[in-house]
Amino acid sequence: MRINNSGTYESCRWKKQNATTRVNFEHNIRNQTPLNYFQKTMSEFRQELLDGQTPGICSDCYNMDQHGKVSGRQRQLLKAGIQDGFFKKTLASSPLRADLDYSNQNQGHTNRTVSDWQIDLGNYCNSACVFCSPESSSRLAAEFLKLGMIDQVPPSSWCDDPVLLKKFVKDLQASNQLHYLHFIGGETLITPGFEKILIDLIDCGIAKQITIGFTTNLTVWRDNIVDLLAQFKNVNLGISIETMTSLNDYVRWPSQIDKVTNLLNQWIETAQKYNWLVQLRVTPTCLTMHELHTVYDYAWQHNIAVESCNFIDRPEYMRISVLPLAQRTITRQKLSNWIDQHTTSNTDTVVNTRDPNRAHDQILQDAHSYLNYLDQSPDESYRLSDLVRYLKQLDSNRGNSILTYLPEYETLFRSAGY
Amino acid sequence: MKRYSDLLDIDTRLNLRLELEPIGNPDICISVDNYQQDYILSDNKIIDYRLDLLKPFSVVIELRNKQYNLNNETAVIVKLSIDDINIIPKYDYLAEYDNDHDYHKPTSHLGFNGKWTLTFDCPFYHWLHLHSGQGWLFG
């Protein structure tokens, strides 16, 4: 289950985002408890799935399945012991079988409590990544406002309200099946709500039963947060990076690759010290796809998995499929060459992408999914002019130029109006 | 997509296949769940079992009456699959080997008098989930 920036509950962290569903006052922490939403309000959605329907909000996962990319659907099923390769028998023997049977006989209702949360903490962020949105970056929000691209910055997060935060932690404490909390920013390390929730969970004595997941942007370090995290059962650490080159500075503006690399190494050493699970988190776009292999290289050398949540969908002009055929062919060749130079003995699908014993298999699997996407996704190069218009706006404000970082795309971008 | 109830309309038994390759003529006793059989093997033998999907069980293979001074090479090599999933030799490190030579390294080559036991102490697919690195399970 998810609580988004507005305090609205959502049934799944992988749910396709739709602006009209982002704020729902009825399904909000201000108006109902997480338990009520989970057990009762979600019944209708749960029943749809039990009836074999394919809800539209699941379409991102179906898209990933189609291109051989491990989807949220597969990951969440795996936590219930259900694997696509042995679907019926693993369903029949799932540890959730009795709960599923109960829901099936009771219009989707459940007596379970939430085990697995995604907690959106708001948009506090010191970065303004070019593919990000005001809802996820306060810095980008301020820039968009200045450039007239939005009328107002997003409202403050639910977790800025100490009363709501206290209420939420109290509900977590009462949830006897709680296992995993995944935090999303902004930049979690500088978000006050993140530290506050960690402290409260430690103080109420349940930290040792909980695994914490979060992602950091490699621009900040907080010793106090590391000390807090070390008191939990485990940590799933996500580290955001797009390329190991200066192009990362442009895309994840205003980061600097030298500092980013130093912090990356520091996080990996820390994770090794505490036995945390690490993943490099990438958001490949049409700007970075051709250098994605540099991240794969680093990850391969350090035996770390690489993962993106999905194929980027918004903003539309950042999609990989915006690359015209010539650039797509070059990008494909680079990726294909990288794949050809790296082999493993396993060919089965890695669904638990955090398994450190399968990092190489997982990296190759991820690379293959992007190769498949480059081969099969429809041509959306007609969005190139939108991309260039957007980049020009940002570049003029930042005193920057995409051409400094991507000189090989100069002719392309010039032809599209740069 | 199928309805939940349709997805559960299946034969909920496991297909366990035990493949035994003898070296010499090993005298063995096999116990799988409630089945027990004795053999003096001379040729490769394949034995199929149908087991309950949800019930824990063990596979026990005992080599006996081997006379080390007469037939030192005598042994049986075990392969085990369940629903066509390779279990032995892949997971041989999970088996216990209690034998008269105090040999405890992971193996599927049973050359000493004693019992080799692989225990599935929970429903098979939970066991597989745990031992194949699939991460945590909702409890």
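Quick caveat: nothing in here was measured; it's all calculated off a predicted structure.

Reading the values: rules and limits
- The residue numbering used here restarts from 1 in each chain and proceeds along that chain's sequence as written.
- Chains carry letters and ligands carry numbers; both start at the beginning, A for chains and 1 for ligands, and go up in the order they are written.
- The predicted origin of the model limits local features to residues at a pLDDT of at least 70 and limits the giving and counting of side-chain atom pairs to 80 or more, whereas totals for whole chains, interfaces and linings rest on all residues.
- A run of H or I in DSSP becomes a helix once it reaches four residues, and a run of E becomes a strand once it reaches two; helices and strands are each numbered from the N terminus.
- Residues are defined as contacting one another if the C-beta atoms placed from their backbone atoms lie within 7 Å.
- One fewer than the residue count of a helix, multiplied by 1.5 Å, yields its expected span.
- Using C-beta atoms placed from the backbone, we call a residue buried if 20 or more other C-beta atoms fall within 10 Å of its own, exposed if 12 or fewer do, and partly exposed for counts in between.
- Each direction from the helix axis to a C-beta atom contributes to the arc, which is the arc of those directions.
- Any two strands with at least two DSSP-identified bridges between them are counted as paired.
- Only Asp, Glu, Lys and Arg are considered charged in this grouping, and only Ala, Val, Leu, Ile, Met, Phe, Trp, Tyr, Cys and Pro are considered nonpolar; every other residue, Gly among them, is considered polar.
- To count as a nonpolar core, a set of buried Ala, Val, Leu, Ile, Met, Phe, Trp, Tyr and Cys residues must be joined through C-beta atoms within 7 Å.
- The domain limits used here are those given by an automatic or database domain assignment.
- Fitted lines through C-alpha atoms serve as axes, helices being fitted only where they are in contact, and the angles separating the N-to-C directions of these axes extend from 0 to 180 degrees.

Asker: Give me the lowdown on the overall build of chain B, citing residues and values where you can.
Answerer: Scanning chain B from N- to C-terminus turns up 2 helices and 10 strands. For chain B, the α and β elements follow one another from N to C terminus as α-β-β-β-β-β-β-β-β-β-β-α. Of all intrachain contacts in chain B linking residues separated by at least 6 positions in sequence, the fraction that spans at least 24 positions is 61%.

Asker: Tell me about helix α14 (residues 325-340) of chain A, and please be specific about residues and values.
Answerer: Residue and element names in this part refer to chain A. Over its 16 residues, α14 extends 22 Å from the first C-alpha to the last, a length consistent with the 22 Å expected when each residue adds 1.5 Å. Within α14, the full set of buried residues consists of R328, T331 and L335. For α14, the arc enclosing every buried residue in end-on projection is 70 degrees, short of the 170-degree limit, so these residues lie on one face. Those residues of α14 that are exposed and aimed more than 90 degrees away from the buried face are L325, A326, T329, Q333, N337 and D340. Looking at the packing, one finds that the buried side of α14 touches α13 (292-302) and α15 (359-376).

Asker: Quick one: what's the story with the sheet that holds strand β1 (residues 2-3) of chain A, residue by residue and with numbers?
Answerer: Residues and elements named next belong to chain A. Ordered in space as β2-β1-β3-β4-β5-β6-β7-β8, the 8 strands form an open sheet in which the pairing is mixed. The sheet is open, and its two edges are formed by β2 (9-10) and β8 (305-307), each paired on a single side. One ladder, built from 5 bridges, connects strand β6 (residues 234-240) with strand β7 (residues 277-281); its direction is parallel. In the strand pairing of β7, I239 is matched with L280.

Asker: An account of the pairing of strand β5 (residues 57-64) of chain B is requested, with residue identities and associated values reported.
Answerer: All names here are of chain B. Alternating positions in β5 separate cleanly, F57, V59, I61 and L63 being buried on one face and S58, V60, E62 and R64 remaining unburied on the opposite face. Here strand β2 (residues 27-32) pairs with β5 via 6 bridges, running antiparallel. When the sheet's bridge partners are listed, I28 is paired in β5 with L63. By the bridge criterion, 7 bridges tie β5 to strand β10 (residues 114-120) in an arrangement that is antiparallel.

Asker: How would you summarise the interface of chain A and chain B if you had to cite specific residues and measurements?
Answerer: Frequently, the measure chosen for interface size is the accessible area that the parts lose on association. Residue-level contacts link 29 residues of chain A with 23 residues of chain B. When residues of the side of chain A that touches chain B are traced back to their parent elements, those giving at least two are α4 (72-79), α5 (87-92) and α6 (97-105) of chain A. With 5 residues, the single largest contributor to the side of chain A that touches chain B is α5(A). Class assignment of the residues belonging to the side of chain A that touches chain B gives a composition of 10 nonpolar, 12 polar and 7 charged.

Asker: Just give me the short version of the environment of N236(A), but keep the residues and values in it.
Answerer: All names here are of chain A. When you line up the elements, N236 lands in strand β6. Given 19 C-beta atoms within a 10 Å radius, N236 is considered partly exposed. Taking C-alpha positions, N236 is 25 Å from M289, a pair spaced 53 residues apart along the chain. Filtering out sequence-adjacent residues up to four positions away, N236 remains in contact with T211, G213, L277 and R354.

Asker: For the nonpolar core, give the residues involved together with the corresponding values.
Answerer: Note that soluble globular proteins tend to have their nonpolar side chains buried in a common cluster. Counting residues in hydrophobic clusters, the biggest one holds 80 residues, and the most contacted among them are I241(A), L280(A), C286(A), V295(A), A299(A), V306(A) and I363(A). Per element, the largest residue contribution to this core is 7 residues, and it comes from α15(A). Split by domain, this core shows at least three residues from each of two domains, domain 1 (2-105) and domain 2 (116-412) of chain A. If we skip the residues at most four places from it in the chain, A299(A) touches L280(A), I304(A), A305(A), V306(A) and I363(A). L20(B), I28(B), L63(B) and L80(B) belong to the second largest nonpolar core, which has 25 residues in total.

Asker: Lay out the sheet that holds β10(B) in plain terms, naming residues and giving numbers.
Answerer: Residue and element names in this part refer to chain B. Spatial ordering of the open sheet is given by β3-β2-β5-β10-β8, a layout of 5 strands whose pairing is antiparallel. Of all strands in the sheet, those bounded by a partner on one side alone are β3 (35-40) and β8 (96-99). Strand-to-strand twist across the sheet, computed as the mean angle between neighbouring axes with direction ignored, equals 15 degrees. Judged from the 4 bridges that link them, β8 and β10 form a sheet pairing that is antiparallel. Within the sheet, the bridge partner assigned to Y97 lies in β10 and is W116.

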